[in-house]
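Now for the letters of each chain:
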Amino acid sequence: MSLITVGTMAFDAIETPFGKVDRIVGGSATYVAYAASHLVKPIQQISIVGEDFPQDEMNELVSRGVQLDGVEIVKGKKSFFWSGKYHLDMNTRDTLITDLNVLMDFNPIVPPSYQGAEFLMLGNLMPSIQINVIKQLQKRPKLIVLDTMNFWMESALPDLQTVLTMIDVLLINDGEARQLSGEHSLVKAAKVIMAMGVRFLIIKKGEHGALLFHDDHVFFAPALPLEDVFDPTGAGDTFAGGFIGHLARTRDISFENMKTAIIVGSAMASFCVEKFGPQRLKEITKADIDARLAEFVQLVNFDIDLIS
Ligand code: AMP
């Protein structure tokens, strides 16, 4: 029951009100892989890096059950680089630099050993590349989840609209849902986006949790109220890794199980924000994850007597 993850493996420079780092490992696929590796193995990564990407990081991923046969290393070129600065509320950020570098020539080849995977996580990446990967799979996975961002809505909307008709679950944040749909109300936005061909839609609202839409159903999962949010970078990808990791582990893609999966995603994301980069995701154990899931149960568990 393998899981293919596609996305960037990158260097990030991040500034938050609590500190600054010039060059740490990041990238959508890196966060997805670290999060999902706590739940399911193997993870079959598809990405591209320059020769500057640290071998230690590759070794760490491999030791966690992440296969790298689909990660191309380009000699003489640099890895994707992203730089962002968070505002005081930590829910909004400005992208300062996006250097595509190796991503400009990315033409992923799905290795034969990855064929037959049941789950596909298309991390934030050029929509044309996401389409290319889906087309190479001889058997359609049981579930395809896609993450994207405003950058691609602005620079590659036709391709993004095409890929939306090929997937099952779309993950975006509230601002992006409004941008994609042209609607301010998230309920109206969800209807417009589902009419684009998306069966399940998850709208992430940062520290305010996430909404899951399907047909006329809606489910809300809170984010854990944390005393300190140190660096939100990668929280969305970590959420995605926890979400699909849980679905792949249980092999159950029902709406009911997706409710649990978004709680698992929220729990994983709550660890990610505690330190810069994917560091926390490398430190945590199964016991830490279970304890945090129990906190989520406490957070939303209540009794009520109906009025009548
Ligand atoms: P998140 O905070 O979950 O949105 O993810 C942040 C990660 O996404 C960073 O580690 C970046 O390297 C990566 N990233 C930023 N912009 C892009 C982009 N345009 N395409 C793909 N990955 C990106």
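Look above for the structure.
As a starting point, this report considers the structure included with it.

**Structural notes on the overall build of the chain**
When helices and strands are counted, the chain shows 11 helices and 13 strands. Over its C-alpha atoms the chain spans a radius of gyration of 18 Å, differing by no more than 12% from the 19 Å that the globule rule assigns to 308 residues. With respect to the principal axes defined by its C-alpha atoms, the chain has extents near 70 × 40 × 35 Å. Counting the 308 residues in the chain, one finds 55% classified as buried. A separation threshold of at least 6 residues defines the contact pool for the chain, and within that pool the share at least 24 residues apart is 65%. Of the side-chain charges in the chain, 27 are positive and 38 negative, and the distance between the mean point of each set is 4 Å.

**Points about the nonpolar core**
Membership of the largest hydrophobic core comes to 58 residues, with the highest contact counts inside it found for Ile202 and Phe243. Among the elements that line this core, the one with the most residues is helix H9 (residues 255-272), at 11 residues. Residues in contact with Ile202, not counting those within four places in the same chain, are Val169, Leu170, Leu171, Ile172, Ala210, Leu211, Leu212, Phe239, Phe243 and Ile262. Within the second largest apolar cluster, 51 residues are counted, among which are Ile46, Met149, Met153 and Leu186.

**What about the packing of aromatic side chains?**
Two aromatic rings are characterised by how far apart their centres lie and by the angle between their planes. Taken as a whole and assessed by the stated rule, the structure comprises four aromatic pairs. An angle of 45° between the planes, with centres 5.9 Å apart, marks the rings of Phe11 and Phe53 as tilted. In this pair, Phe11 sits in strand S2 (residues 10-16) while Phe53 sits in the loop between strand S4 (43-50) and helix H2 (55-63), placing the two residues 42 residues apart along the sequence. These aromatic residues form a ring-pair network of at least three members: Phe18, Phe230 and Phe276. In this arrangement the basic side chain of Arg292 is found over the ring face of Phe271, its NZ or CZ atom lying 4.1 Å from the centre.

**Describing the site of the ligand**
The local shell around the ligand holds 19 residues, among which Asp12, Gly27, Arg93, Gly234 and Asp237 are the closest. A distance of 3.0 Å separates a nitrogen atom of the ligand from a polar atom in the side chain of Thr8. Within the side chain of Asp12, a nitrogen or oxygen atom sits 2.4 Å from an oxygen atom of the ligand. The fraction of the free accessible surface of the ligand (510 Å²) that becomes covered by protein chains is 94%. Listing elements by their share of the shell around the ligand, those giving two or more residues are S2, strand S6 (80-86), helix H4 (150-155) and helix H8 (235-250). Tallied by class, residues from the shell around the ligand come to nine nonpolar, seven polar and three charged.

**Considering the environment of Val264**
Relative to the helices and strands, Val264 is located in helix H9. Since its relative accessible area comes to 5%, Val264 is described here as buried. Note: C-alpha distance between Val264 and Asp94 (170 residues apart in sequence) is 28 Å. Beyond its immediate chain neighbours, meaning those up to four positions away, Val264 contacts Leu39, Gly242, His246 and Leu293.

Scoring rules and cut-offs
- Residues numbered from 1 in each chain as written.
- Predicted model: local features only at pLDDT ≥ 70, side-chain atom pairs only at ≥ 80, totals over all residues.
- Heavy atoms only, no water.
- Helix = DSSP H or I, 4+ residues; strand = E, 2+ residues; numbered from the N terminus.
- Rg over C-alpha atoms; globule rule 2.2 N^0.38 Å.
- Buried < 20%, exposed > 50% of the residue type's maximum accessible area, 1.4 Å probe, protein only.
- Contact = heavy atoms within 4.5 Å.
- Lys, Arg positive; Asp, Glu negative; His and termini not counted.
- Charge placed at Lys NZ, Arg CZ, Asp CG, Glu CD.
- Core = buried A, V, L, I, M, F, W, Y, C linked by side-chain atoms within 4.5 Å.
- Phe/Tyr/Trp six-rings, centres within 6.5 Å; stacked < 30°, edge-to-face > 60°.
- Lys NZ or Arg CZ within 6 Å of the ring centre and 35° of its normal.
- Near = heavy atom within 4 Å.
- Polar contact = N/O pair within 3.5 Å; in protein donor to acceptor, adjacent residues only side chain to side chain.
- Areas by Shrake-Rupley, 256 points an atom, 1.4 Å probe, with all protein chains shown as cover.
- Nonpolar A, V, L, I, M, F, W, Y, C, P; charged D, E, K, R; others polar.

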